[in-house]
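Each chain, written out:
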Amino acid sequence: MAADRLSVDVLVVGSGASGLAAAVSAERAGARVALAAKGSLQSCNSAKAQGGIQAAFGEDDSPEAHAEDVWRSSHETADMRLVHILTSEAPSTIQWLEESGVEFTRSNGGYRLARCGGASRKRLLQVGDRTGLAITSALREAVERSSALTLPKSPLAELARTESDWRARCGERVVEAGAVVLAAGGRCFREAEERGELSTNHPGATGEVTQIALALGAQARDLDALQYHPNGGAWPASMQGYSIPETTRAYGAVLLNAEDEEFTDSLGPRDEVSQAIFDEVEKGLGVETADGRPAVWLDTTRISAEDAEISLPYMLRRYRAAGIDPLAEPILTYPVLHYQNGGLVVDERGETTVEGLFACGEIAGGTHGRNRMMGNSLLECVVFGRHAGKAAFEKAR
Ligand SMILES: Cc1cc2nc3c(=O)[nH]c(=O)nc-3n(C[C@H](O)[C@H](O)[C@H](O)COP(=O)(O)OP(=O)(O)OC[C@H]3O[C@@H](n4cnc5c(N)ncnc54)[C@H](O)[C@@H]3O)c2cc1C
């Protein structure tokens, strides 16, 4: 059977926050857009993001302070050209999301801001603890209302340069496009499977699109730098692989060893907190779960009921349904594979080192260097998704 063929200006691969933002921005610029996803449009890491998104709105805050925090948390490995775009465009990106229908949690007339690991200020905006779901739902509705053609269950399997265009095989379809935006996320699901570890990622996070780009000659950086989320759920079994939002620690929870002692700054950069947990367990000061896994305590009883109800309702519901009330007893936690820090090298408009091939979101590298701060990934997706979508259309023309 001959494959279906279609021709567009911009092909976007991936329906997470970055792909959706790229598709909206390309379509609004006037492009004929197709958006292909491996599974359903809803299946992505972005929709699982709970904690929030960073933007400097606090009175004592600024995009420069935000950028300094990224630089420090990345251990001075981030690409500061990208970081300055990320942090300076963060406030207007929040406004753009609000115009798209995202309603961020507010208190006392302003945004409810939390401090996340590695941050010097309170800067994390939230939509309860379903921020990623709120952002992807709003952007997906915008895509579905637009002229963009959506192709669920159409995994990108081949991509080749033709004389003037790109030809992609997405499932049963052949798509010809003037430019391509790769927004296919990271690879931590596959990596965790190979290592026999737990991961927070959705099953589509397998990294084959990065391999396709590398085969086309695109350069990558820091691909070996994978991030552990310090607080994977360790027990009960139904919570294993769940990422306990970092906002638990922002709202007062602390990490304790078997002797009920604090052993690290619970709001340090992610790699440092994860390493401190690994070390504590190695020293014999960890706790064992009922099924023999290593863990430490996260004392969530220190979170006020008000903060928990406003900013952690989903986490509370999940644990209570599993028979544990985190406000009444501490919970068991251990780091889980979570995020691909590095990725394809991009410029300020999201173009890779291969002309006409763009990348945004977790598949791209540089913005976070070798260690991402929480809340900067959703931000990166939207900031650079918008740039990549628009720039791809300009290139296609
Ligand atoms: C549990 C969890 C909690 C998180 N919490 C936060 C948070 O609070 N704040 C924050 O900033 N970040 C958070 N993150 C990180 C952040 O959500 C993701 O890194 C980011 O949203 C990635 O977005 P993306 O668009 O790059 O990729 P994804 O959202 O993963 O989307 C990738 C898309 O590519 C598609 N795809 C993959 N392969 C192919 C293929 N071959 N062909 C076609 N399509 C393909 C997938 O189907 C999917 O649609 C969290 C992540 C997880 C897993």
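Check the entry above for the structure.
Residues numbered from 1 in each chain as written. Predicted model: local features only at pLDDT ≥ 70, side-chain atom pairs only at ≥ 80, totals over all residues.

Participant: Outline the packing of helix α2 (residues 63–73) against helix α3 (residues 80–88), supporting the account with residue identities and numerical values.
Facilitator: Interhelical geometry of α2 versus α3 gives an angle of 135° and a closest axis separation of 9 Å. With respect to each other, α2 and α3 are oriented oblique. Pair α2 / α3 crosses with right-handed handedness. Contacts between α2 and α3 involve P63, H66, A67, V70 and W71 on the former and, on the latter, M80, V83, H84, T87 and S88. Across the contact of α2 with α3, the residue classes tally to 6 nonpolar, 4 polar and no charged. (Axes fitted to C-alpha atoms, helices over the stretch in contact; angles between N-to-C directions. Helix = DSSP H or I, 4+ residues; strand = E, 2+ residues; numbered from the N terminus. Parallel < 35°, antiparallel > 145°, perpendicular 65-115°, else oblique. Left-handed = near helix turned anticlockwise from the far one by under 90°. Contact = placed C-beta atoms within 7 Å. Nonpolar A, V, L, I, M, F, W, Y, C, P; charged D, E, K, R; others polar.)

Participant: If you had to explain the pairing of strand β15 (residues 294–299) to someone new, which residues and values would you point to?
Facilitator: Buried residues dominate β15, accounting for 5 of its 6 residues. In this sheet, β15 lies alongside strand β14 (residues 287–288) in antiparallel orientation, the contact comprising 2 bridges. When the sheet's bridge partners are listed, E288 is paired in β15 with P294. Between β14 and β15, which pair antiparallel one after the other, the connecting turn spans 5 residues, and G292 there sits at a positive phi close to 80°. (Buried ≥ 20, exposed ≤ 12 C-beta atoms within 10 Å, placed from the backbone. Pairing = 2+ DSSP bridges.)

Participant: Break down unusual backbone geometry for me, citing the residues and quoting the values.
Facilitator: With an omega dihedral of 5°, the bond running from W235 to P236 counts as a cis peptide bond. Note that P236 resides in the loop between β12 (226–235) and α8 (247–250). Of note in this structure, N108 is not a glycine but carries a positive phi near 50°. Here the phi dihedral of D222 falls at roughly 55°; this positive angle occurs in a residue that is not glycine. By the secondary structure assignment, D222 is in the loop between β11 (220–221) and β12.

Participant: Provide a residue-level description of the pairing of strand β9 (residues 166–170), including the pertinent values.
Facilitator: Of the two faces of β9, the one holding W166, A168 and C170 is buried and the one holding R167 and R169 is not buried anywhere. Bridge count for strand β8 (residues 156–161) against β9 is 5 bridges, and the pairing is antiparallel. Within β9, the position partnered with L159 by the bridge is A168. Hairpin geometry of β8 and β9 is characterised by an intervening segment of 4 residues between the two adjacent antiparallel strands.

Participant: How would you explain the sheet that holds β11 if you had to name every residue and give the values?
Facilitator: Judged by pairing direction, the sheet is mixed, and its 3 strands sit side by side in the order β11-β17-β19 without closing on themselves. Since the sheet does not close on itself, it has two edges, and those belong to β11 and β19 (364–365), each with one partner. Bridge analysis of β11 against strand β17 (residues 343–345) gives 2 bridges, and the strand direction is antiparallel. What sits directly across from R221, in β17, is G343.

Participant: I'd love a proper account of helix α7 (residues 208–215), names of residues and values included.
Facilitator: Burial in α7 covers these residues: V209, T210, I212 and A213. Buried residues in α7, looked at end-on, bunch into an arc of 155°, giving them a common side. Turned more than 90 degrees off the buried face of α7, the exposed positions are Q211 and A215. Buried residues belonging to α7 abut β1 (4–13), β8, β10 (173–182), β11, β17 and β18 (357–359). Two residues or fewer after α7 comes G217, characterised by a positive phi angle close to 105°. (Arc of directions from axis to C-beta.)

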